[in-house]
Amino acid sequence: MTAQKVVSLSEYRQDTQQMHIDDISAQAFLFLQEQAQELDLPMRKLLKEHLLGIACVVKAVEGLDEAQNWLAVISDEISASERH
């Protein structure tokens, strides 16, 4: 029997969406890095402030519970990557 070469539409859409998200995230990181270098700012501090700003926006728009959920997911992801 040959390997199945059919991809579901929803799987294709998810893969495509993730590809776009990864691309935009990489572009955003490179933009922040470039700006930090041009202005002689510490990248670590810039990233921490940027993440704090995102968390504040999520809290303001989605509420405290959702902001805490996001932080828990991020924490779990960081912990999982440390185990590997």
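The residue count restarts for each chain, going from 1 along the sequence in the order it is written. Under the rules for a predicted model, residues below a pLDDT of 70 receive no local features and side-chain atom pairs below 80 are neither given nor counted, while totals for whole chains, interfaces and linings still include all residues. Based on all heavy atoms of the structure, the side-chain values leave hydrogens and waters out of the count.

1. Structural notes on the overall build of the chain
Alright, step 1. Counting its secondary structure elements, the chain contains three helices and zero strands.
Alright, step 2. Here a helix means four or more residues in a row that DSSP labels H or I, a strand means two or more in a row labelled E, and each is numbered from the N terminus. Listing every helix and strand of the chain by position from the N terminus yields α-α-α.
Alright, step 3. Taken over C-alpha atoms, the radius of gyration is set against a globule rule of 2.2 Å times the number of residues to the power 0.38. In summary, the chain has a C-alpha radius of gyration of 18 Å against a globular reference of 12 Å for 84 residues, an excess of more than 25%.
Alright, step 4. Counting only C-alpha atoms and orienting by the principal axes, one finds that the chain spans roughly 60 × 35 × 30 Å.
Alright, step 5. Treating the 7 positive side-chain charges of the chain as one cloud and the 14 negative ones as another, the clouds have centres 4 Å apart. For the charge count, each Lys or Arg is scored as positive and each Asp or Glu as negative, with His and the chain ends excluded. A charge is said to be at NZ when it belongs to Lys, at CZ for Arg, at CG for Asp and at CD for Glu.

2. A word on the packing of helix α1 (residues 9-38) against helix α2 (residues 43-62)
Alright, step 1. An axis is simply a line fitted to the C-alpha atoms; with a helix, the fit covers only the stretch in contact. Between two such axes, the angle follows the N-to-C directions and lies from 0 to 180 degrees. One can describe the packing of α1 onto α2 by two numbers: an axis separation of 10 Å at closest approach and a directional angle of 130°. Comparing their axes, α2 and α1 come out oblique. Crossing hand, α1 versus α2: right-handed. On the side of α1, the interface is formed by F29, L32, Q33 and A36, while α2 contributes M43, L46, L47 and H50.
Alright, step 2. Residue classes in the contact of α1 with α2 are distributed as six nonpolar, two polar and no charged. An angle counts as roughly parallel when it lies under 35 degrees, as roughly antiparallel when it exceeds 145, as roughly perpendicular when it falls between 65 and 115, and as oblique in every other case. Should the near helix be turned anticlockwise from the far one by less than a right angle, the crossing is left-handed, and should it be turned clockwise, the crossing is right-handed. Note on definitions: a residue-residue contact is assigned when non-hydrogen atoms from the two residues lie within 4.5 Å. Each residue receives one of three labels: charged for Asp, Glu, Lys and Arg, nonpolar for Ala, Val, Leu, Ile, Met, Phe, Trp, Tyr, Cys and Pro, and polar for the others, Gly being one of them.

3. Some words on a nonpolar patch on the surface
Alright, step 1. A cluster of nonpolar side chains, L51, I54, W70, L71, I74 and I78, forms an exposed patch at the surface whose accessible area comes to about 570 Å².
Alright, step 2. Counting residues per element, the ones that place at least two in the nonpolar patch are α2 and α3 (64-83).
Alright, step 3. If one sorts the elements of the nonpolar patch by residue count, α3 sits on top with four residues.
Alright, step 4. Counting through the fold element by element, I74 comes out in helix α3. Each patch is built from salt-bridge-free residues with over 30% relative accessible area, joining like charges within 9 Å and nonpolar side chains (Val, Leu, Ile, Met, Phe, Trp, Tyr) within 5 Å. Calculation of accessible area relied on Shrake-Rupley with a 1.4 Å probe; when residues are assessed, cover is drawn exclusively from the protein chains displayed. Note on definitions: salt bridges are taken to be side-chain nitrogens of Lys or Arg within 4 Å of carboxyl oxygens of Asp or Glu.

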